Structure formats: structure tokens, C-alpha cells
Number of protein chains: 2
Amino acid sequence: MPNRLKGGITAPKGFVAAGIHAGIKQTALVVSERPGPIAGVFTKNTIPAAAVLLDRQHLKKRLGQAFIINSGNANAFTGSEGTKNTVETARLVAAALGIPKQYVFVGSTGVIGVPLPMPALRKGIPILASQLTKTGHQHAARAIITTDTRTKTIALQQRIGGKIVTIGGMAKGSGMIHPDMATMLAYLTTDAVIETKSLQTMLRKAVEQTFNCITVDGDSSTNDTVLSLANGKAGNRTIGSTGSAHVQFQNILTEACHSLAMDICRDGEGATKVVKIQVNEAQSQKAAKSIVQTLATSLLVKTAIFGADPNWGRIIAALGRSGYTLRPDRIVIAFNQSIIVKDGKGLGPRIEQQIQKIMQRPSFTISVSLGMGKGTATQWTTDLTYDYVKINASYRS
Amino acid sequence: MPNRLKGGITAPKGFVAAGIHAGIKQTALVVSERPGPIAGVFTKNTIPAAAVLLDRQHLKKRLGQAFIINSGNANAFTGSEGTKNTVETARLVAAALGIPKQYVFVGSTGVIGVPLPMPALRKGIPILASQLTKTGHQHAARAIITTDTRTKTIALQQRIGGKIVTIGGMAKGSGMIHPDMATMLAYLTTDAVIETKSLQTMLRKAVEQTFNCITVDGDSSTNDTVLSLANGKAGNRTIGSTGSAHVQFQNILTEACHSLAMDICRDGEGATKVVKIQVNEAQSQKAAKSIVQTLATSLLVKTAIFGADPNWGRIIAALGRSGYTLRPDRIVIAFNQSIIVKDGKGLGPRIEQQIQKIMQRPSFTISVSLGMGKGTATQWTTDLTYDYVKINASYRS
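Residues numbered from 1 in each chain as written. Chains lettered and ligands numbered in written order. Predicted model: local features only at pLDDT ≥ 70, side-chain atom pairs only at ≥ 80, totals over all residues.

Peer 1: Provide a residue-level description of the sheet that holds strand β12 (residues 332-335) of chain B, including the pertinent values.
Peer 2: Residues and elements named next belong to chain B. Taken in spatial order, the seven strands line up as β9-β16-β11-β15-β12-β13-β14 in an open sheet, and their pairing is mixed. Strand pairing shows two members of the sheet lacking a second neighbour, β9 (214-215) and β14 (345-346), which therefore form its edges. In terms of strand pairing, strand β11 (residues 274-282) meets strand β15 (residues 363-369) through seven bridges, oriented parallel. Bridged to N280 within β15 is S369. Contacting β12, β13 (338-342) and β15, helix α10 (residues 349-359) runs over the sheet at an angle of about 125 degrees to β13. (Pairing = 2+ DSSP bridges. Helix = DSSP H or I, 4+ residues; strand = E, 2+ residues; numbered from the N terminus. Contact = placed C-beta atoms within 7 Å. Axes fitted to C-alpha atoms, helices over the stretch in contact; angles between N-to-C directions.)

Structure below.
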């Protein structure tokens, strides 16, 4: 089991960070003292933001050294001007740090369709670079949030390959949260010595099981980005594509992503609860994934969670709507350990009262077994509340 | 153009109706003085209610004479007892009216997973049968509603094939409204003389363009049913599968369905607005349908509609999320006639102010042209409001 530390993205050796107000809400800068392998996973949105396009380009070289992230402006749907501004942002950072611009990765989050205020960034980036410190992780974490009500950071430490290896991270996101990454940005740093290809494979696997399994409102964005940068300062034996060091690093990387993903869920716009939804015994993996997503995004299920109403009829209706053949007599529905549907019927008001109490908790599990095969899938969802509507009927995001 | 009459499901010659309280909320009965061709379209939910299974069975003979509909209990996920109860309901109606039980079509709407209260129905059905009148249409329309705030009826009249032909109808539905039929029941009567097969074809076509193009909350139900019964009392020349009478009848049938579908949208749980979303120039029909559905169900789009916020960035994000390749520079987004996005960018605050005014109206159109091909699709959606959450966090449906 890894150690959970205080601190965040600067917890691993050789990383510094800063965050300041720079015209548009805020801007964060995270820098490694030397370049290293970098891995990335991006939105599948077919109208990606300029920063996503640039990062994909820079990722081809598989080396990175700095993250620059602005909040308040997504620089999405901003055409060739948007592209130019992102390229200039990377160049400004490279100049301020004296590193190649291909080592700089840009992230943006905020309003779509508005040009980046370049004069503010031209002024702000040298100031940011001058403020980089080991304790800047909180400033950086605060600089990247938008409608988030709190910062999201993580730091984990474990002995791997004979040395202490540390992972640090920060994330933002509370709305437009949905598999295929949500409007979220997550940045992970590590001092591990690791093969570039392995880092990419492990990051993708971690993202699949964490950030890609959460939903707040079913909307995913133009800017979603997860990046992981390794600078090798821990001096461990190189982590490759197999072996126990590989397994250990995969575990702490996944745990770091899981922790940040749960932070995002808990901070979901208007959310008061985070619920794990588990589908078992579906006819296939594909069916399980599709069914769990139907449940996790059903407005009727999400409002029932808000109201702590053990309304399993809505789960049945959503299961049927998924389009897969089901055998009602085989369906088992449970809230935590309490079974409410079995043998084709509901088990009555006494159990519903128990479940009502479970549903008043800030987190619980709804599990659905279908008796059709071996497919399983998990997703975390939030409740749909008055406050979700309030936040989104007024905030321009 | 057809005449719009007062009245509802009993407007055509030879139909009577009644609606009373019978144990579970209410029950409605609609009867034709003679049997005739009947057509039906049902939910695609893979866990359909007992009534849907029975109606599909009875529909094989293509003859009908009576509709019996209860509200308050969906008789869904009720196993073999549920099936038995539906069969008995049809038999009770058949006995009270002295007609074959295959001519009786059962509809149910309400809570899932609770057995029908048969003692109440055994007592209520003979009373219902004794109260059938030409003016019973309002009682019937009231008996079938649940969370609806008002009844939904239609009566249209037009000269077809040398005679006056009338269509009457009633519907219920305000939540779980989504393509593939929503939790909605709709019943249409007509005195037209019409071939059975043509009635089925025309009903399906009408449903595709109306009930299957509305969304309130993305959930469709176990009980969705549209039935159309023709008793031939108008004495027109038989309407077949082609010709001008066919076209005329298709038009008024579609218009009747459209009117009821819009009534359902306007009465959508918590809805204050009905918005027509139109996607044009998609790469294919399939793409257009998928994209229009992504837009119509996006919580961020639906809350922006509630807040009258001309937040076109959310439309862009939803378009990209649909997964289809898009060319940002070709996208044109308009609210009614006012274009807000063109040539890869937003057209600025002055137009946004105009659009804000449009968005304050109870209904308007959002049209999105993609410049990728000839696919077009339309869907009607509602805004997502505090009241939607309020209704669904407490009501057991």
C-alpha cells in the first residue's frame, strides 16, 4: 500500500509550481528540473480545443518538461487565431524557462469561443516563471479550477525497485463530467525512472478505470486532458512493461487517478452524493458498459438518488431502455448489501425503508446482476439536484 | 387543412367513453359501437409491461373495439401475476360490453412493480361500462393522466373520399419522455373506412415524426403505447395504401399525433419551454438523428435554455461529443432566424442579446447546419428546471 502524503503536484523530487492571476481567471505553471518521458490521454470530442491539438503534436516526441494551464478561457472554437495563441503561449513559457518549446504542454479550461487575452499572458508568464517553488502546488491547483468549489490534489509514495517513488497530481472539473473524460484536466508528476512507452500504456489503463468511469451530467468537453510526466529523479531501476515494479507503479498511478476522479465527482456541480453503479453478469463487456452508462446518466435515477427514494422501478425502466435482452426473473438489484429486487419482484416496504437510510449517505453502491453472462462494468455518478440546475442556468461555461 | 373541433376521443362517429376512480388512481374506457381495424406502436423497452405484451398479442388479429386504461399502476415487472391480471382486465371489459376479449386493448401507467388491485377493477369495470357516453371524452382524458398537469386531447375533421372523416385522440405523459416513445400513452379513434395494413403503416409513420421526436428527460418507459382504432362509420371510399385520400388521411393522423406530442412536451415535468432543434447538412440521416439527440438531451443545453443563456459553446461541445467528424468553419448555428455562429466563430454580444430575447419565449427553434452532407433531423426538447428535480426527487413513479 502506498503512503498518502500531504502536498500535490510538486511532491515528487525535482518539480516546482506556481499559480497567479493573469488576465483570464488564473494560470498555473508546473516545471520539472529536467525533461523526461511524458504520456497523455485526450478528449474524444471531435471539435477539440487548440491546446489539445498542440499537446497531441508535442506528445509525438514523448518528452516533456512543463505544463502551462489557464482557467477561464477554453480557447476552443477559436479557429486559426486560437491555434496561433496556443503556440505563442508555449513559446513564451519556453523562453521564460530556457527550454525547447516542444517540451511545453498547454491546457485550457473555461468559456468556449473567446480568444485568449494574449497581452495578459505575455505579461503573466515571466512572472509565473519567477515564482516557481516547491510549495507552489496549492497555488497551481487553485489556478486551474473554474466552477469547482475546492482544489483537487494527490501525493502518493511507495518503495519501487529499491527506491522511494513519488506521484503527485492535481485536477480540475465539476461539470461536463462524463466518460471519455469530462471537462476535466488532470496533471500527474512522478520522479520514477520509467520507459516512455510503459508510461503511456499505464496512464491509458489508469484513465480507463478512473476518469473514464465518472459521470456528472453526461457532457464531455472540447478540452479534456490527462498528462503524466516522469523525470527519473528517484533513481529506481527502470520500470518497464512487465514485472513487479510495473505492477506497483500501475497501482499507485491508478490510485492517484482514482483519488482525483472521486474528488471531481464529489465536487460535481450541485452534487450531494457520489454513487458507485456496478453491472454484473451482463451478456458481454459491451453490454455491461452500455447498461451501466444508461443507469448512471438516467435523470430519473439521479433525481431518485437526490431524493433518497428507493425507486427501483426507475432502474428497471432504464435497464430495459438500454436495448439489451433481459430476463426479469434473473435480475438482482442491491443497494450496498441490501437486495431489493430478486426473482422478478420487489422485496417490499421493509427493505425499502432500510435502503432509504442507505441512500441518505453521501456515498453508496447500487449493484445490478443480470444473470446473462460474464460482462461487468462500473461507473460513478452523482445525484441531480436543484443546485445543478441553478449553477448551469446562469454560469457561462 | 383539417378543421380543429372541440372534443376528443369520442369526436368521430360511433365512439363513447367514460372515466372513473377505480381503486388505483383512475380508469378510462373507450368503446366503438362496432369493431374495426386497429394499429399499434409500442415501447422498445426490453422489459415491457404486461399490457404491452397483451396488446401486441391482440393486435395480431388487427381488429379492435375497446380501450381500457388505468393510471397509477404500470403493472410492469409484476411477473406472471401481472400477466394474469391484464388478461382478467380484458376479460372483465369484454364481459361488461358483450364483445370478444381479443377486441379489448389494455393500457397501464404509473408505479412499476406493484400488482394491479384487481378487486377494485372487478367492481369498477361494470360501472365504467354503464357510464359510457358521447361526452365522456373529458372524463376519459382525465382518468389516464399521472404527473400531467392537464389533459391532452385532439379532434380533427376533414372531407376525405367524399365524406367528412373525423379523428379523435387523447394522450398522457410528462416525464420519462424520450424517443422510442416516452412514458406516454396515446389513443386515436377515427370513423374513417380504411384498410388495416394502411392504418398500421400510416400510424407508424405519424409516430416516427411526432411522438418519437420529443424528449423531456431521456428516459423511455416500459409501457409506452400508441393505438389507433377505425370503425368505418364515416362511409367514405376505403382509404388504401396510395392515392389522395391516403395522403389526406396521413396528414390529419400525423397532425393529430403532432398536436398530442406537443401537448406532452409543453406539459413536460417542470418544463417552461418547448424548443425545436433542427440539424441540417449532416453527413447522413443517421448522423443527423444521433447529433440532434445529443443536443436535445444535453443537460448543459437544457439548463442554458431554462436560463435563456445564448451559450452556443455548449452546443459546440455537444456537437463534438456526438463523435461525428465536423468542420468548425462550416458550422452555422441559429436561434429562429438569428445566426450566432458562422465561419468558425461566434458573431458577438450584440447578436447574443437578440438571442437572449428569443430564448425568453415559450418556444423557439435552434437550427444547426453542418455543411457535411444532406442528413436532416428534428427533435423537440424542453428546458431542465428546478421543478423537474423537485417533481422527480419526490414522486414515486
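Peer 1: Can you explain the nonpolar core? Please cite residues and give values.
Peer 2: L29 and V30 of chain A together with L29 and V30 of chain B are the most contacted members of the largest nonpolar core, which has 260 residues in total. If sequence neighbours within four positions are ignored, L29 of chain B has contacts with A17, A18, A66, I68, V93, L128, A129 and L132 of chain B. (Core = buried A, V, L, I, M, F, W, Y, C linked by C-beta atoms within 7 Å. Buried ≥ 20, exposed ≤ 12 C-beta atoms within 10 Å, placed from the backbone.)

Peer 1: Which residues make up the pairing of strand β7 (residues 163-172) of chain B, and what values do they have?
Peer 2: Residue and element names in this part refer to chain B. Of all ten residues making up β7, eight are buried, and the element is well covered by its neighbours. Hairpin connection from strand β6 (residues 152-160) to β7: two residues lie between these consecutive antiparallel strands, with G161 at a positive phi of about 55 degrees. Strand direction decides the pairing type here: β7 and strand β8 (residues 185-190), joined by six bridges, are antiparallel. Bridging from a neighbouring strand, G168 pairs with T189 of β8.

Peer 1: Before we move on, could you go through helix α3 (residues 118-130) of chain B and cite the residues and values that matter?
Peer 2: When the terminal C-alpha atoms of α3 of chain B are compared, their 19 Å separation across 13 residues agrees well with the 18 Å that a helix rising 1.5 Å per residue should span. At G124 of chain B, α3 of chain B is deflected by roughly 30 degrees, the largest bend along its length, and proline P126 of chain B occurs up to four residues later in sequence. (Expected span 1.5 Å × (residues − 1). Bend = angle between axes of the 7 residues up to and from the residue.)

Peer 1: Explain the interface of chain A and chain B residue by residue, including any values.
Peer 2: In this assembly, 48 residues from chain A lie in contact with 48 residues from chain B. When residues of the side of chain A that touches chain B are traced back to their parent elements, those giving at least two are α8 (299-306), α9 (312-321), β14 (345-346) and α11 (386-394) of chain A. At eight residues, the largest contribution of residues to the side of chain A that touches chain B is made by α9 of chain A. Here the side of chain A that touches chain B is composed, by residue class, of 20 nonpolar, 21 polar and seven charged. (Nonpolar A, V, L, I, M, F, W, Y, C, P; charged D, E, K, R; others polar.)

Peer 1: With reference to specific residues and values, describe the environment of I9 of chain B.
Peer 2: Residue and element names in this part refer to chain B. Checked against the element boundaries, I9 lands in the loop between β1 (3-4) and β2 (15-21). The exposure class assigned to I9 is buried, which follows from the 28 C-beta atoms found within 10 Å. With 258 residues separating them along the chain, I9 and D267 place their C-alpha atoms 19 Å apart. Excluding residues within four positions of it along the chain, I9 makes contact with F15, A17, V30, H137, A140, T153, G168, G169, M170, Y187 and T189.

The analysis is restricted to geometry; functional conclusions fall outside its scope.
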